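Listed below, chain by chain, are the residues.
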Amino acid sequence: MKWVVLWSLLAARVLHQPTQPVRTRSGLVRGAVSRDGKLFQYFGIPYATVDESNRFQAPLPPPTWTGIFEAVDENTWCPQNSGGIPIGEPNCLKLNVYTPVHITKPLPVMVFIHGGGYKSGSGNDDHYGPDFLMPHGVVLVTLNYRLDALGFLCLDTEEVPGNAGLKDQVAALRWVRDNIASFGGDPKNVTVFGESAGGASTCLHILSPMSKGLFQRAIPMSGSPLCDWSLAFMPQKRAFALGKILGFDTNDPDKLLEFLQSLPVEKLIDTSPTVMSFEEYSNNILKLYHFTPVVEKDFGQEHFLTEEPLEAMKNKRINDVDVLIGHTSEETTIGIAKFEQFFLQQYNRYPELVVPRKILMKCNPETVLEISKRIHDYYFKGKLINKDSMREFVSYANYACFIYDIYRFLSHLPKVGNRRRYMYKFSCVSGRNVYGSQGLKYGIKGAAHLDDLMYLLNANVHNVEVKRNTKEYELIQLACTVFTNFAKHGTPTPDSSLGIIWPEYDNSSKAYVAIEDTLVPKTVENEDLDFWKSNFEYCGLEF
């Protein structure tokens, strides 16, 4: 039976009509026409290479070839664990290009960066299919980048300064600059967008000198580099902790690098190298991923980021791009199954777990416990943390893990030149909210983390049917129009055809738009933000 299925899949791919070869700087590339005949699809194009003898370093230039590269591999993954099984290959720096069959002029380019806590995910069409965006006149690029220790190990040395995965993303953007015109895209009109860790990555591209001039617009979705789960803590010590749990105890970064280079790739993925004992309890999807972006030491070579994001923004060292940033209405309903299994019990047992990591890492125990009491009083009002307080826990987690740090980033992001800043909250609800449906049994109705992507990029893995003349279809058209308008024009509403003119965000008006059944202009509710700001001020930390 397995071979029958495999043969059917192979046969389906073989029967795809091939495209005419496209010339890139590496050589000729040939893709395939989609089954409905509307798209050209190019899968698995190498945009850079990894030197396995220097697996933690910045990527090398893409390979070159003679003849024609058949861009038909739909299933490329960087090394990671999937259901406890190692998958992926080190030679994974590949991207996919989707373009409409009929192009009369160069189209705006949208480059998508997937999420997954910097340790999982792929740019393939299991979750990020092109079907919804393509009718709106854009070229779509999705990509893979190195993950986990392979992408974010930092030894604070010239050989391994960190951020290799982010430098992979830069290499992909440089490939787009150099090659996308051959696919019908406009290299001078590029929008980077990403969700979760991809959203935080998008924010970092706004700040990075390596990304300067490679894109004109950015859409960070449900993530910022200020979020707990994106923060690095003692990255070099974490690298040594990794060596220790893998059986090599040393204080010499050169010897550690030699050891880690010698290991099979699967040994380096999905580890939990905690640095302090409190991390054993805060080691969860809301608070901690072990290998994340870092502030690099400046060794005089090309670097992605050498100062904290807040400092870069304060000093106006940012790239000159338009920004549309936002989040979903009920981000953390995606985690309800995990909350039920063990989070609630842990959080009820250790009250300080509600305190953000950025405070846990900076403050003394007395301050941490005072902040913990404040958070419990504000969100739970004397209730125990258990299933009966799921509504309260989700409200707390929405802000603590996503929302206030997204607003912090936006509030510090300076205006440069004539570039514009816009804010959204995605609140659409329909049968496409496959992640937010976990909240319904608790009376929580809204869009969860990842639910917004269900209206922008077709997640083939979920096989949710789309029929014309349905609410789902109308919401897909609304969301795709908003995002592609921004990619084309630098504003989500270049005219009043969607019923409003989207207001720009500033720190006095705090204007944003809720994407619901229609577009609804609103202003930020200050109560929760004021509460979190007061906690930072109590700790002497900048909000």
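Thresholds applied
- Residues numbered from 1 in each chain as written.
- Predicted model: local features only at pLDDT ≥ 70, side-chain atom pairs only at ≥ 80, totals over all residues.
- Heavy atoms only, no water.
- Axes fitted to C-alpha atoms, helices over the stretch in contact; angles between N-to-C directions.
- Helix = DSSP H or I, 4+ residues; strand = E, 2+ residues; numbered from the N terminus.
- Parallel < 35°, antiparallel > 145°, perpendicular 65-115°, else oblique.
- Left-handed = near helix turned anticlockwise from the far one by under 90°.
- Contact = heavy atoms within 4.5 Å.
- Nonpolar A, V, L, I, M, F, W, Y, C, P; charged D, E, K, R; others polar.
- Salt bridge = Lys/Arg side-chain N within 4 Å of Asp/Glu carboxyl O.
- Buried < 20%, exposed > 50% of the residue type's maximum accessible area, 1.4 Å probe, protein only.
- UniProt positions renumbered as here; feature names shortened; annotations may be inferred.
- Patch = residues over 30% accessible without salt bridge, like charges linked within 9 Å, V, L, I, M, F, W, Y side chains within 5 Å.
- Areas by Shrake-Rupley, 256 points an atom, 1.4 Å probe, with all protein chains shown as cover.
- Lys, Arg positive; Asp, Glu negative; His and termini not counted.
- Charge placed at Lys NZ, Arg CZ, Asp CG, Glu CD.
- Disulfide = S-S within 2.5 Å.
- Core = buried A, V, L, I, M, F, W, Y, C linked by side-chain atoms within 4.5 Å.
- Pairing = 2+ DSSP bridges.

## Some words on the packing of helix 11 (residues 365–380) against helix 14 (residues 526–539)
Interhelical geometry of helix 11 versus helix 14 gives an angle of 165° and a closest axis separation of 10 Å. As summarised for this structure, helix 11 and helix 14 are arranged roughly antiparallel, according to the angle between their axes. Judged by the sense of rotation from one axis to the other, the crossing of helix 11 with helix 14 is right-handed. Across from T367, E370, I371, R374, I375, Y378 and Y379 in helix 11, the residues of helix 14 making contact are E527, D528, F531, W532, S534, N535, Y538 and C539. Counted by class, the contact of helix 11 with helix 14 contains eight nonpolar, three polar and four charged residues.

## Comments concerning the pattern of salt bridges
One pass over the structure, following the stated rule, counts 28 salt bridges. Two residues, K358 and D228, come together in a salt bridge whose shortest N-O distance is 2.8 Å. Here K358 is found in helix 10 (residues 357–360), whereas its partner D228 is found in the loop between strand 12 (217–221) and helix 5 (235–245), with 130 residues between them in sequence. As far as burial versus exposure is concerned, K358 and D228 are alike and both buried. Linking K244 and D249 is a salt bridge whose minimum nitrogen-to-oxygen distance equals 4.0 Å.

## Quick notes on the UniProt feature "domain: Carboxylesterase type B" (unreviewed entry) in the protein
Here, the residues flagged by UniProt with the feature "domain: Carboxylesterase type B" (unreviewed entry) are residues 21–532. Annotated as residues 21–532, this span is 29% helix and 16% strand, and its ends, taken at the C-alpha atoms, are 55 Å apart.

## A closer look at a negative patch on the surface
Together, E158, E159, D254 and E258 make up a negatively charged patch on the protein surface. Residue placement: D254 occurs in helix 6 (residues 253–262). Exposure remark for D254: the relative accessible area of 51% places this residue in the exposed category.

## Points about the state of the cysteines
Summed over all chains, the structure comprises one disulfide. Across the disulfide from C78 sits C92; the S-S distance is 2.0 Å. With the S-S dihedral at roughly 90°, the linkage between C78 and C92 falls on the right-handed side. Of the two residues, C78 is situated in the loop between strand 5 (68–70) and strand 6 (80–82) and C92 in the loop between strand 7 (85–87) and strand 8 (94–100); the sequence distance between them amounts to 14 residues. The buried category is assigned to C92, whose relative accessible area is 0%.

## Some points on the environment of H136
Along the chain, the position of H136 falls in the loop between strand 9 (107–113) and strand 10 (139–143). Between the C-alpha atom of H136 and that of S389, which follows or precedes it by 253 residues, the distance is 43 Å. In this view, H136 contacts Q477, C480, T481, T484 and K488; residues no more than four positions away in its chain are not counted.

## Re the nonpolar core
Of all hydrophobic cores here, the largest spans 122 residues; its most connected members are V97, Y396 and W532. Of all the elements, helix 12 (residues 390–412) adds the most residues to this core, at 15 residues. With near-sequence residues (within four places) excluded, V97 lies in contact with F40, Q41, Y42, I45, V139, L140, V141, W175, I180 and F183. With 42 residues, the next largest nonpolar core counts Y98, Y128, L324 and A459 among its residues.

## A short note on the pairing of strand 13 (residues 322–328)
In terms of burial, strand 13 is largely enclosed, as seven of its seven residues are buried. Burial along strand 13 is two-sided: the face carrying D322, L324, G326 and T328 and the face carrying V323, I325 and H327 are both buried. Note: strand 12 against strand 13, three bridges, orientation parallel. Note that in strand 13 the partner of R217 across the bridge is D322. Taken together, the six bridges between strand 13 and strand 14 (residues 421–426) define a ladder with parallel strand orientation.

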